[in-house]
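Here's the letter readout for the chains.
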Amino acid sequence: MESSFPFGVILAILASLIIAANALVAMAVLFLIHKNDGVSLCFTLNLAVADTLLGVAISGLVTDQLSSPPRPTQKTLCSLRMAFVTSSAAASVLTVMLIAFDRYLAIKQPLRYFQIMNGLVAGVCIAGLWLVSYIIGFLPLGVPIFQQTTYQGPCSFFAVFHPRFVLTLSCVGFFPAMLLFLFFYCDMLKIASTHSQQIRKMEHAGATAGSYRPPRTPSDFKAVLTVAVLSGSFALSWTPFLITGIVQVACQECHLYLVLERYLWLLGVGNSLLNPLIYAYRQKEVRQQLYQTALGVKKGLTSLFLLLLARNGDGEELRERSCHIATISYPQLDG
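About the cut-offs
- Residues numbered from 1 in each chain as written.
- Predicted model: local features only at pLDDT ≥ 70, side-chain atom pairs only at ≥ 80, totals over all residues.
- Heavy atoms only, no water.
- Helix = DSSP H or I, 4+ residues; strand = E, 2+ residues; numbered from the N terminus.
- Contact = heavy atoms within 4.5 Å.
- Areas by Shrake-Rupley, 256 points an atom, 1.4 Å probe, with all protein chains shown as cover.
- Core = buried A, V, L, I, M, F, W, Y, C linked by side-chain atoms within 4.5 Å.
- Buried < 20%, exposed > 50% of the residue type's maximum accessible area, 1.4 Å probe, protein only.
- Disulfide = S-S within 2.5 Å.
- Phe/Tyr/Trp six-rings, centres within 6.5 Å; stacked < 30°, edge-to-face > 60°.
- Lys NZ or Arg CZ within 6 Å of the ring centre and 35° of its normal.
- pLDDT = per-residue confidence, 0-100.
- Expected span 1.5 Å × (residues − 1).
- Axes fitted to C-alpha atoms, helices over the stretch in contact; angles between N-to-C directions.
- Parallel < 35°, antiparallel > 145°, perpendicular 65-115°, else oblique.
- Left-handed = near helix turned anticlockwise from the far one by under 90°.

**Q** Account for the overall build of the protein, with residues named and values stated.
**A** A count of helical and extended segments in the protein gives 13 helices and zero strands. Shown N-terminal to C-terminal, the secondary structure of the protein runs as helices and strands in the order α-α-α-α-α-α-α-α-α-α-α-α-α. Here the analysis covers contacts within the protein between residues at least 6 apart in sequence; of these, 79% occur between residues at least 24 apart. Accessible surface, the protein: about 17900 Å² in total, of which carbon and sulfur atoms supply 68%.

The following block contains the structure:
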């Protein structure tokens, strides 16, 4: 695949957005973990870290696409780059699965959840997740059938990795993961429906006896919706790339590499930009922490600006004007 300046620009913008969005979420979640020490937040932090590393990894490919005249990267360096990209993407996908399992466990075993999912178990899960991710990413470097026999720059996924690697990932990892997501979703939906029926019966019995009617808690259905959105975005982002890669293996004369690398691969990588928007921003505490951070930054910048203007004698007037600045209140963040 030849280098393309527009593709390089798109890749650079996508990498910058992925790094910025996930870095903000990681910073907010770190503050929350320091306050609350929540195990589930550790998985959210790991997802943000994995997606940030993916953004950093694909940013290394930008120079090959933007260089004019083209300066192909050496095959060994390109293989290492794509191994890091694949490892980060695998870590992101596996973390999404871990988050889905964590929500499933919280609904399936609500009384024993904190005994099962403690800090030690979460740490072991995250460490094992990264180990498996790097094994997946660097697997083609040790298995010759997953490597391309010839290399022609610029550096890209299929310039060094054979479509057989995509076929193996699809059969061993992607499709079993989708079946697991489907199982989690169906079982969680069944449990949430059972809980909802029990709450209705309790409310009806309470209303008949004239006692207080407790408010319903939508946490079960919120967890089901979170798993559905996560699995849906994951499937929509990576399914076209993986299925087209399988077609390329079956049809060697089709030459689908341009579509795979210019469009479908970008769609899959874009899932790392959707993750912080879909999952982390759905959590009220994360949104509030981001709001507090933004207020702190705004206050610091305003103080610095006033200090600079005070040296010029204009600080008093600006200080009076700054009192009229309107800010967002917490109730507006609850939606």
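From this point on, the discussion continues.
**Q** Let's hear about the nonpolar core: which residues, and what values?
**A** Ile58, Met82, Phe157, Phe241 and Trp265 are the most contacted members of the largest nonpolar core, which has 64 residues in total. When contributions to this core are tallied by element, the ones reaching two or more residues are helix H1 (5–36), helix H2 (39–59), helix H4 (75–108), helix H6 (119–142), helix H7 (157–160), helix H8 (163–209), helix H9 (219–250) and helix H10 (257–269). Tallying contributions element by element places H4 first for this core, with 15 residues.

**Q** Lay out unusual backbone geometry with the relevant residues and their values.
**A** With glycine set apart, most residues show a phi of negative sign, and most peptide bonds adopt trans. The phi dihedral of histidine 255 is positive, around 55°, even though this residue is not glycine. Here histidine 255 lies in the loop between H9 and H10. Look at histidine 255 and you get exposed, because its relative accessible area is 59%.

**Q** Please give an account of the state of the cysteines that cites residues and values.
**A** For the structure on display, the rule yields two disulfides. One disulfide in the model links cysteine 78 with cysteine 155; its S-S distance is 2.0 Å. The sign of the 90° torsion about the S-S bond sets the cysteine 78-cysteine 155 disulfide as right-handed. You can see cysteine 78 sitting in helix H4 and its partner cysteine 155 sitting in the loop between H6 and H7, a full 77 residues away along the chain. When sorted by exposure, cysteine 78 lands in the same class as cysteine 155, which is buried. Here cysteine 251 engages in a disulfide with cysteine 254; their sulfurs sit 1.9 Å apart. Residues cysteine 251 and cysteine 254 are joined by a disulfide whose S-S torsion is about 95°; by sign, that bridge is right-handed. Here cysteine 251 falls in the partly exposed class, since its relative accessible area comes to 23%. Cysteine pairing for the protein (bonded cysteines numbered in sequence order): 1-2, 3-4.

**Q** Describe the packing of aromatic side chains, naming the residues involved and giving the relevant values.
**A** Using the criterion set out here, one finds 21 aromatic pairs in the structure. Seen in terms of ring centroids, phenylalanine 183 and phenylalanine 184 are 6.0 Å apart; in terms of plane orientation they differ by 50°. Their pairing is tilted. Given a relative accessible area of 46%, phenylalanine 183 falls into the partly exposed group. When the ring centre of phenylalanine 7 is taken as reference, the NZ or CZ atom of arginine 262 above it lies at 5.2 Å.

**Q** Residue-level account of the confidence of the model for the protein, with values.
**A** Summing up the model confidence of the protein, the mean pLDDT is 81 and the portion of residues at 70 or higher is 83%. Of all secondary-structure elements in the protein, the lowest mean pLDDT belongs to helix H13 (residues 315–322), at 50, while H6 reaches the highest, 93. Low pLDDT, under 50, characterises residues 212–217; the stretch is placed with six contacts to residues that sit more than four places away or in other chains. Taken together, the stretch residues 324–335 has pLDDT below 50 and engages in 17 contacts with residues farther than four places along the chain or on a different chain.

**Q** Describe H4, with residues and values.
**A** Given 3.6 residues per turn, any residue in an α-helix points the same way as the ones three and four places further on. When the terminal C-alpha atoms of H4 are compared, their 48 Å separation across 34 residues agrees well with the 50 Å that a helix rising 1.5 Å per residue should span. The buried fraction of H4 is high, at 24 of 34 residues.

**Q** Outline the packing of H1 against helix H11 (residues 271–278), supporting the account with residue identities and numerical values.
**A** H11 packs onto H1 with a crossing angle of 30° between their chain directions and a minimal axis gap of 9 Å. It follows that H1 is roughly parallel to H11 by the angle criterion. Taken as a pair, H1 and H11 cross one another with a handedness that is left-handed. For the pair H1 and H11, contact is made by Leu14, Leu17, Ile18, Ala21, Asn22 and Val25 and by Ser272, Leu273 and Pro276, respectively.

**Q** Could you give me a rundown of H2, with the residues and numbers involved?
**A** Here H2 spans 31 Å end to end across 21 residues, near enough to the 30 Å set by a 1.5 Å rise per residue. When you tally the buried positions in H2, you get 16 out of 21 residues, the bulk of the element.

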